[in-house]
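Listed here are the chains, written in short residue letters.
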Amino acid sequence: MDGKILIVGFGPGSYEHITVRAREAIQESQVIIGYNTYVDLIRDLLTNQDIVRTGMTEEVSRAQKAVVLATEGKVVAVISSGDAGVYGMAGLVYEVLIERGWRDGDNPLVEVIPGISAIHSCAALLGAPIMHDACTISLSDHLTPWAVIEKRIEAAASADFVIALYNPKSGRRTRQIAETQRILLQYRDPKTPVGLVKSAYRDRQHVVRTTLDDMLNHDIGMLTTVVIGNSSTFYYDELMITPRGYQRKYTLDTIEQRLRPGERLKPENEPWSLNAATGECWTPTNPQSSSVQSGMTSPTGPTIRDVATSDISPREWASAALNCLNRAEKTSHVSAALSTRMPSPRPSIFEIAVSPGVANKKFNSVQLVLLANLAGDEGEIEYTTAHQLILRTVTEDPEHIVKCLRDGGMTVLPVGDVIKVKACDFCDGEKHEGIPFAEEISRRLAGIPVEKELRIGFNGCAMSCYGAVNEDIGLVFRKGKFDLFLGGKTTGRNATPGQRVAEGIPAEAMPDLLERIVTHYRENAFPDERFHKFFARVGQIEGFNHRDRPQTVTADAVCGS
Ligand code: SF4
């Protein structure tokens, strides 16, 4: 029996917006594979299917599981919200199949079932904002470098696309949406309509209509889609509307139209579509055609005013309209931006992590004043749980900022998915034996880019009062030697400390050992894979074996019994 993979987009999340084919596909499947939240959203459609549910960043393992089960002959539904082919699971499943040498038509068969993507569901709630050319851009730079995303935003902004921004912001990605606004404001009016739609067609749906300059004053999160209007988009009452362009072709307030349907899009009636490619405007050539011909003294051709009372042909009407549009567009905000082509130099938001040192936790007043001056009126300083401050400031010269901070005696590190070394304060320096090792480890590893933020915790004694054992990698310095903990799950409902994989590692050997562990992770981790998941998947790192954690017992006891 051939197996089958049904890649199902189930739309925004409400049952009435799931297509008939998507429902059928879920019904005919033997196994449902999906992200926990997605499985919960379609719970009422499930009957007796086996369920494979995983966490948010485990798309690759979901795709692999689907391929394995379907190859064994099972009918497997891989579910995505929205459309499975728009930032969904369809491409990933095909990639996993291709890795295995699969060809279209081989076992397993594959069917992609479309759903309503966020750009469409959110647009429907806002009014009709994507009535003209539109695009989607995801602001998540987990899998796409920010420099590439930035170029796409700039291109879409300059070309006057309506833009739907997916994944605009998360707990750790806060800068991207602000950068996006800055780019857009170079090309669009600050009062451009912007719609913010959170959880479209779900229980906590929330719709905000705002403007480009005001959008950051509203709540934007992981579940928000941001719809940016183009230069024609307007608000009418509570509706965000982008004109389709009919007003150029039709008189909207009369029933009688100048052209019948069969006459439209003919070059003699509507020459703009043909001439648009060359940029040339049609010029009347028949001297008998109308009185306008003799009045064409303007080098730019006839105008509406010139021809309004004349007995002219439809073609001349079209030419006059086109000339009007061309002249109008030359003075428009968009055309002005387009005509420059080369964007002006743009200061960007620069962010950097700052600390007094890996063991030192005390900023002095001079350093604080320096930080405040570098932040300026537009910048900000955020304190974090990683024993660092994040400085965000608008600058065209990031290197100058870095130099000032270093000259001020501070340690500076990049922000994002990098290695972070977090140490205790060694009892204010009194238990100082471990400090040189913490500093060496920090110097060698801190700031190195990794698939997913990796925290190394360092405690200066067995008291472990700074909780190093809860980090991805934990080190406890004890009588000149180290205890090593691997695979702590630092956050979430099921957070757990790392496994103590070794005791008594000679202190001098620790930096090299750590470097090898980190290199193994960097070279072999899947995209977005956290260290604890990586350790569980590979089973062994540098000779240290992963041990499965005990299963959680679900207690159903009445409180106090
Ligand atoms: S872990 Fe030990 S050395 Fe570090 S601050 Fe706590 S008690 Fe002091």
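Caption draft 1: The arrangement of the overall build of the chain in detail. Counting secondary structure elements, the chain contains 18 helices and 24 strands. Relative to its 561 residues, the chain shows a buried fraction of 33%. For the chain, restricting intrachain contacts to residue pairs at least 6 apart in sequence, the fraction spanning at least 24 positions comes to 64%.

Caption draft 2: The packing of helix H16 (residues 435-445) against helix H17 (residues 510-524), seen in detail. Packing of H16 against H17 leaves a shortest axis separation of 10 Å and a crossing angle of 30 degrees. Of the possible angle classes, the one that applies to H16 and H17 is roughly parallel. Pair H16 / H17 crosses with right-handed handedness. For the pair formed by H16 and H17, the contact residues are Phe 437, Glu 440, Ile 441, Arg 444 and Leu 445 on the first element and Met 510, Pro 511, Leu 514, Glu 515 and Val 518 on the second.

Caption draft 3: The site of the ligand, seen in detail. Around the ligand sit Cys 424, Asp 425, Phe 426, Cys 427, Lys 431, Asn 459, Gly 460, Cys 461, Met 463, Ser 464, Cys 465 and Tyr 466, and that is every residue in its neighbourhood. For the shell around the ligand, the class distribution of residues is seven nonpolar, three polar and two charged.

Caption draft 4: Spatial organisation of the packing of helix H3 (residues 59-71) against helix H4 (residues 90-99). Contact geometry of H3 with H4 gives a least axis separation of 9 Å together with a crossing angle of 60 degrees. Between H3 and H4, the crossing angle belongs to the class labelled oblique. When the axes of H3 and H4 are compared, the crossing they make is right-handed. The segment H3 lies against H4, with Glu 59, Val 60, Ala 63, Gln 64, Ala 66 and Val 67 engaging Leu 92, Val 93, Val 96 and Leu 97. Grouping the constituent residues of the contact of H3 with H4 by class yields eight nonpolar, one polar and one charged.

Caption draft 5: Structural context of the environment of Pro 129. Tracing the backbone through its elements, the reader meets Pro 129 in the loop between strand S6 (127-128) and strand S7 (134-138). Among the residues examined, Pro 129 registers 28 C-beta atoms within 10 Å and is labelled buried. Once the C-alpha coordinates of Pro 129 and Ala 164 are considered, the two residues, 35 residues apart in sequence, prove to be 9.9 Å apart. Sequence-distant contacts of Pro 129, that is, excluding residues within four places in its chain, are made with Ala 123, Val 162, Gly 195, Val 227, Gly 229, Thr 233, Met 240, Ile 241 and Thr 242.

Caption draft 6: Highlighting the sheet that holds strand S9 (residues 193-198). The five strands are arranged S7-S8-S11-S9-S10 in an open sheet whose pairing can be described as mixed. Taken across any chain shown, the strands that pair with only one partner, and hence form the sheet edges, are S7 and strand S10 (206-211). Strand after strand, the sheet turns through a mean of 20 degrees between neighbouring axes, direction not considered. Relative to S10, S9 is paired through six bridges, and the arrangement is antiparallel. Bridged to Val 194 within S10 is Thr 210. Taken strand by strand, helix H6 (residues 146-158) contacts S7 and strand S8 (162-166), and its axis lies near 160 degrees from that of S7.

Caption draft 7: Highlighting the nonpolar core. Ranked by size, the top nonpolar core spans 35 residues in total, and within it Val 421, Ala 438, Ile 441, Ile 456, Phe 458 and Leu 475 carry the most contacts. Here this core gets five residues from one element, more than from any other, and that element is H16. Not counting residues up to four positions away in its chain, the partners in contact with Ala 438 are Val 358, Ala 359, Ala 423 and Phe 458. Counting residues in each nonpolar core, the second largest holds 32 residues, with Ile 7, Phe 10, Ile 32 and Val 96 among its members.

Caption draft 8: Representation of the environment of Gly 543 in the model. Relative to the helices and strands, Gly 543 is located in the loop between strand S23 (540-541) and strand S24 (544-545). The sequence separation of Gly 543 and Val 501 amounts to 42 residues, and the corresponding C-alpha distance is 9.5 Å.

Caption draft 9: Main features of unusual backbone geometry. With an omega dihedral of 0 degrees, the bond running from Asn 107 to Pro 108 counts as a cis peptide bond. Here the phi dihedral of Asn 167 falls at roughly 45 degrees; this positive angle occurs in a residue that is not glycine. When you line up the elements, Asn 167 lands in the loop between S8 and helix H7 (175-187). Non-glycine residue Asp 237 carries a positive phi angle of around 50 degrees. Structurally, Asp 237 is set in the loop between strand S12 (234-236) and strand S13 (239-241). The class of Asp 237 is exposed, set by 7 C-beta atoms lying within 10 Å.

Caption draft 10: Inspection of the sheet that holds strand S1 (residues 4-9) at higher detail. Strand order in the open sheet made by the five strands is S3-S2-S4-S1-S5, with parallel pairing throughout. Where the open sheet ends on each side, the last strands, each with one partner, are strand S3 (50-54) and strand S5 (109-113). Averaged over all adjacent pairs, the angle separating strand axes in this sheet is 15 degrees, with direction ignored. Summarising the sheet, S1 and strand S4 (residues 75-80) pair through six bridges and their orientation is parallel. Bridged to Lys 4 within S4 is Val 75. Helix-sheet contacts for helix H1 (residues 20-28) involve S1, strand S2 (31-35), S4 and S5, and the interaxial angle to S1 is about 140 degrees. Running at roughly 160 degrees to S1, H4 makes contact with S1, S4 and S5 of the sheet.

Caption draft 11: Examining H4 more closely. Taken together, the buried positions of H4 are occupied by Ala 90, Val 93, Val 96 and Leu 97. Axial view of H4: buried residues confined to an arc of 130 degrees, hence all on one face. Of the residues in H4, the exposed ones pointing more than 90 degrees away from the buried face are Glu 95, Ile 98 and Glu 99. Contacts from the buried residues of H4 go to S1, H3, S4 and S5.

Caption draft 12: Layout of the environment of Arg 516. Within the secondary structure, Arg 516 sits in helix H17. Expressed as a C-alpha distance, the spacing of Arg 516 and Glu 542, which sit 26 residues apart in the sequence, is 7.5 Å.

Parameters and conventions
Residues numbered from 1 in each chain as written. Predicted model: local features only at pLDDT ≥ 70, side-chain atom pairs only at ≥ 80, totals over all residues. Helix = DSSP H or I, 4+ residues; strand = E, 2+ residues; numbered from the N terminus. Buried ≥ 20, exposed ≤ 12 C-beta atoms within 10 Å, placed from the backbone. Contact = placed C-beta atoms within 7 Å. Axes fitted to C-alpha atoms, helices over the stretch in contact; angles between N-to-C directions. Parallel < 35°, antiparallel > 145°, perpendicular 65-115°, else oblique. Left-handed = near helix turned anticlockwise from the far one by under 90°. Near = placed C-beta within 6 Å. Nonpolar A, V, L, I, M, F, W, Y, C, P; charged D, E, K, R; others polar. Pairing = 2+ DSSP bridges. Core = buried A, V, L, I, M, F, W, Y, C linked by C-beta atoms within 7 Å. Arc of directions from axis to C-beta.

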